[in-house]
Amino acid sequence: MNGILNWVLWLPIIGAVAVLLAPKAKENVIRMITLVTTSVTLLLTVLLYLKFDTSTADMQFVTKIPWITQFHINYHLGIDGITMLMTFLNALLFFICTLSSWTVEKNVKAYFALLLMLQSTVFGVFFALDFFLFYVYWEVMLIPMFFLIGIWGGENREYAAIKFFLYTFFGGVFMLIGMVALYYATGKGPDSFSILALQGGHFVKETITLFGYTLSFEHVFFWFLFLGFAIKVPVFPFHTWLPHAHVQAPTAVSVILAGVLLKMGTYGFLRIAFPIFPQAAVDSSTIIAVLGLISVIYGAFCAMAQDDVKKLVAYSSVSHMGFVMLGLAAMTSQGMNGAVLQMFNHGTSTAMMFLLIGIIYERSHHRWIVKPDGSKGYGGLASQLPKYTTVFIIGMFASMGLPGLSGFISEALIFLGIYPRFTTITVIAVIGLLIGAAYLLWMFKRMFFGEPNPDNHDFDDMNAREVFYMIPLCICVVVFGIFPSPLLNVMKVSVGQLVDLLSKY
Amino acid sequence: MIDQLFGFLDNYMPEVISVVLMMSLLVAESAVKDEHAPRVKIHFFTQAVLAVVLICLFGNLGAKPVHIFHNAVTIDPFSTLVKIIMTIGTMGAIFISQSSKDIYSNLKSEFMVMSVGVLIGGMLLASANNMLTLYLGIEILSILSYVMSSFKREDSTSAEAGMKYALYGGLSAGVALFGISHMYGALGSIQFLEMMEKIPTLQGMQLTTVMMGSVLFFVGLGYKISAFPFHMWTPDVYQGSPIPVTSFFAIVPKMAGLAALIRVSNVFFADGSVLSVSWVGLMMVIAAMTMTVGNVTAIGQNSVKRLLAFSSIGHVGMMILGVVVANEVGTRAILFYGITYLFMTLIAFYITSHLSDMYGSDGYDVFRGLIYKHPLMAVIMVGVLFSLAGLPPFSGFVAKFNIFNIIIEKKYYGIAIVAAINSVIALYYYLKLAKTMIFGQADGEERVLGFTPANQAVIAFLFIPVLFLGIFWEKVMTIAGNATIYIK
């Protein structure tokens, strides 16, 4: 079983090569290759889940091959409970995105090849246990994203693609400095790039001199890494790339972006920043909580002000990822569990929202709730599109965090976890939930109730393909809303280990 | 006697062959009757001989270091590796010159003569073991470069480029000589080893004199590698010169200058030397300014050639950071950087050259929608741009990683932050060009004539190291690491 991660990681690349070799005119063959690849990958991750030992926090399915021996860099893969959830999410969303991309007609071959490459790099980020390898995947991921947004995106795609790229790269280079500094702080030993060996707070007492000041190594480089991860999450004030990227990206890419890529940021905190620099993490928890809170409230207000439904959901992601940051800042068992659960649940619910917006966009070729000229963009969809409306309601309520659906449990856990530490922040953050409910319901009212917009009378309801790829997501948000233990059981030991470590500081 | 003579010739063979090649090219050119005849045979001959030079150099790579001509010239693995980079660069530039319209057909073999001449100067510079040889190297390299930059006789910008280059270059060489004389005055020798041994015994005024001398000397080298504040000639000369010449300038004289700078730094400012502290400070400021000025100015350029020129200044800034750490690790980082930069530069100029020949311009416009006209070329060019920006999995990333590695090892975090921000600025203008090629719509579907299958094959071949050195870089790092400097 040890090689299985290699298969999960490289299968999409093999699929991408197959897509590139396929004749350009045979678009359906290309789509089928992609679908087969992503389905097999999904099956492999299900197999991983079944074989996964939930009783241990150790890394499982580990593969370690020396890569650059001069620098003690290894090709080192492994997963724990937190990664397991992200792996499954990644496999599931790419499978769904393949189906939702069926209607892409521009340059099909390049599109699906890039999509598969993207999947592989995201797996790489989650699996990597070597910091260098992690960094390589982290940066390589930008390349397919750049093209996916820039070629298949909306009108302002070039600007969005470049902004996304530059922002993430900016954080990335600081992460690079932090990574190399860690390498020297450990004395260039064989474990210098091993994320697992770096964990445990070895650097508490070291100091460095920066621009003439003597500073704590731990704090300085924690913030270097923080910058890299926070931009990806994105935490206020580093969020400005996100609305552009989301609005311009094609549907599937928005789904991936919100569903998995943002989680790479919070995953970076869980896997790298917090366990390597626990003292700095504990010392900075108030700042993280405040930034998380600002993201929650500010993101929600921004969402409320949007007339473009996709932008609305994009800002709601800023708000929801703010909850994850709050959970992380809590550094308690419930908060952390809630944060990881919210990462998964936000992945499924927001993916639903973006897919649904994609479906309506295909029919109307716009995304305005209220058009810039003041006229109605949609209206009365509920009476026209019953299937669509049903799924939309599920997705929206899951996103809102209504009890019985997935978002509720994770948000409740986060609040339970953070309340004892930051009571005021918790109280204010709850307002974020209210605003969230308000803008979602208001959006729903304007889109689905009232007089149908005469422009929209010829819309078809969801077809079989669209219903088919929505089913798994609906199941996820409903089942895990009532019965979250399959997710919690997988991750709780791993999360517990991190909480134990942090509690010592 | 004869034994001795041929004994050193063994290692000196590359230089000897190059000189013979240059002579025979002069003869061959005079034998061409029709002025406009393509110099195909001469081209093949040159490339073949340069390939022999390359083989000799590879043979020298593992050999024991030797010092010849009364220790005036040293042939150590370091200089050999630099020579290999320069020779490949020369071969690449000559190859581009063959198909480029920028070089008039009756000047093609002159271009070969000149570039081989510059190569010889560069080899001397890389191997210099005393100040006089070093100065000779600079001069051989420079004088021929001045001519090369004004190759487009009828073009006024080209004439201006040659003039500018000659004036600035002459001035800088003079200043450098002035600096050398100060050093000689204080140290009483021009031989590197003797100078090195003398430094610890210096005191007060003498130290100041040596330091001042080295700063003046750096002016000369700074011009060659276009380091701030001596970079002003670069964009104009790069712009005015024909593209093959520009690509040649971006590689050969630059590598030679860097090699000399590394060697001199190791003599005077090696770790622990009394002078090293002030030198490190100076180099850091120069490196920071060089990369910042290069990258920031590159953003506003409308011509791709000028963009590449300014970006090369940015890269020199990064490489100077390796000089800050005057030890084996720093040298290794620069050499690796040089190797990767060689291939990236060749490809970038190669593609630019063909497009500008086709459309008579080197603006961004000619790159628009290249992906639809020449998918392979566009993909390779984008790969090269990403590599120049330092993105994995391309070799440029490893080069950047090595530089970060050495400066952070020395705990120079401040300069690391400057370098990091510079990487982001650089990425911006590389993305702008990449965007034009991929996202833009092509005006027409016409094929670019210069991209014959043979040319495409060469470009693709040059791309292999760009791709693979980003993943399998251990071997080349070992070679760069073994390229040690021997001063005698």
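Structure: above.
Residues numbered from 1 in each chain as written. Chains lettered and ligands numbered in written order. Predicted model: local features only at pLDDT ≥ 70, side-chain atom pairs only at ≥ 80, totals over all residues. Heavy atoms only, no water.

**Student:** Honestly, the overall build of chain A in this entry has me stumped. Any pointers?
**Tutor:** Of the regular secondary structure elements, chain A holds 21 helices and four strands. Taking the principal axes of its C-alpha atoms as reference, chain A extends roughly 70 × 55 × 45 Å. For chain A, buried positions account for 65% of its 505 residues. Pairs at least 24 residues apart make up 80% of the contacts formed inside chain A by residues separated by at least 6 positions. In the structure as shown, chain A presents an accessible area of about 16200 Å², 66% of it carried by carbon and sulfur atoms. Across chain A, 27 positive and 25 negative side-chain charges occur, with their mean positions spaced 2 Å apart. (Helix = DSSP H or I, 4+ residues; strand = E, 2+ residues; numbered from the N terminus. Buried < 20%, exposed > 50% of the residue type's maximum accessible area, 1.4 Å probe, protein only. Contact = heavy atoms within 4.5 Å. Areas by Shrake-Rupley, 256 points an atom, 1.4 Å probe, with all protein chains shown as cover. Lys, Arg positive; Asp, Glu negative; His and termini not counted. Charge placed at Lys NZ, Arg CZ, Asp CG, Glu CD.)

**Student:** Sorry, what's going on with the pattern of salt bridges here?
**Tutor:** One side chain can pair with another of opposite charge once the charged atoms of both are near each other. In the structure shown here, the tally under the stated rule is 13 salt bridges over all chains. The salt bridge partner of A:Arg271 is A:Asp80, with a shortest N-O separation of 2.6 Å. One end of the pair, A:Arg271, is in helix 11 (residues 251–276); the other, A:Asp80, is in the loop between strand 2 (73–79) and helix 3 (81–100), with 191 residues separating them in the sequence. A relative accessible area of 4% places A:Asp80 in the buried class. Residue B:Asp236 pairs with B:Lys164 through a salt bridge whose shortest N-O separation is 2.7 Å. Here B:Asp236 is found in helix 9 (residues 233–240), whereas its partner B:Lys164 is found in helix 6 (residues 156–187), with 72 residues between them in sequence. Residue B:Asp236 is classed as partly exposed on the basis of its relative accessible area of 24%. You can call B:Lys164 partly exposed: its relative accessible area is 24%. (Salt bridge = Lys/Arg side-chain N within 4 Å of Asp/Glu carboxyl O.)

**Student:** Can you help me understand a nonpolar patch on the surface in this one?
**Tutor:** Residues and elements named next belong to chain A. A cluster of nonpolar side chains, Ile471, Ile475, Val478, Val479, Ile482 and Phe483, forms an exposed patch at the surface whose accessible area comes to about 530 Å². Summarising the element assignment, Ile471 is placed in helix 20 (residues 464–482). When its relative accessible area of 41% is taken as the criterion, Ile471 is described as partly exposed. (Patch = residues over 30% accessible without salt bridge, like charges linked within 9 Å, V, L, I, M, F, W, Y side chains within 5 Å.)

**Student:** Any chance you could explain the interface of chain B and chain A here in plain terms?
**Tutor:** Across the boundary between the two partners, chain B contributes 37 residues, which contact 43 residues of chain A. Interface of chain B and chain A: buried area, both sides summed, is about 3600 Å²; carbon and sulfur atoms make up 80% of it. Contact with chain A buries surface across chain B, with B:Tyr413, B:Phe439 and B:Glu474 losing the most and accounting together for 19% of the total. For A:Glu158, the salt bridge goes to B:Lys435, with nearest N and O atoms at 3.5 Å. The interface formed by chain B and chain A includes seven residue pairs in polar contact (both at pLDDT 80 or more). Elements supplying a minimum of two residues to the side of chain B that touches chain A: helix 15 (375–389), helix 16 (395–409), helix 17 (413–438) and helix 19 (474–482) of chain B. Ranked by residues supplied to the side of chain B that touches chain A, first place goes to helix 17 of chain B with 13 residues. Looking at side-chain class alone, the side of chain B that touches chain A contains 25 nonpolar, six polar and six charged residues. (Buried area = accessible area lost by both parts, 1.4 Å probe. Polar contact = N/O pair within 3.5 Å; in protein donor to acceptor, adjacent residues only side chain to side chain. Nonpolar A, V, L, I, M, F, W, Y, C, P; charged D, E, K, R; others polar.)

**Student:** Honestly, the packing of aromatic side chains in this entry has me stumped. Any pointers?
**Tutor:** Aromatic ring pairs: the centre-centre distance and the angle between the two ring planes describe each pair. Across all of its chains, the model carries 70 aromatic pairs over all chains by this definition. Ring geometry for B:Phe111 versus B:Phe151: centroids 6.2 Å apart, planes at 55°, classification tilted. Of the two residues, B:Phe111 is situated in helix 4 (residues 108–127) and B:Phe151 in the loop between helix 5 (131–149) and helix 6; the sequence distance between them amounts to 40 residues. This pair shows no difference in class: B:Phe111 is buried, exactly as B:Phe151 is. A network of ring pairs unites the aromatic residues A:Trp67, A:Phe71, A:Phe132, A:Tyr135, A:Tyr183, A:Tyr184, A:Phe193, B:Phe397, B:Phe401 and B:Trp473 as a single cluster. Its end group placed over the ring of A:Trp442, A:Arg446 keeps NZ or CZ at 3.7 Å from the ring centre. (Phe/Tyr/Trp six-rings, centres within 6.5 Å; stacked < 30°, edge-to-face > 60°. Lys NZ or Arg CZ within 6 Å of the ring centre and 35° of its normal.)

**Student:** Before we go on, may I ask you to explain unusual backbone geometry in this structure?
**Tutor:** Glycine aside, residues mostly have negative phi, and peptide bonds are mostly found in the trans state. The omega angle of the peptide bond from A:Val233 to A:Pro234 is -5°, so this bond is cis rather than trans. Structurally, the position occupied by A:Pro234 is in the loop between helix 9 (217–232) and helix 10 (241–248). Look at the link from B:Phe228 to B:Pro229: it is a cis peptide, with omega at -5°. By the element assignment, B:Pro229 lies in the loop between helix 8 (204–225) and helix 9. Although it is not a glycine, A:Asn107 sits at a positive phi angle of roughly 50°. With a phi angle near 60°, A:His365 is a residue other than glycine that sits in the positive phi range. Residue position: A:His365 is located in the loop between helix 15 (333–364) and helix 16 (381–384). Of the residues examined, A:His365 reaches a relative accessible area of 59% and is grouped as exposed.

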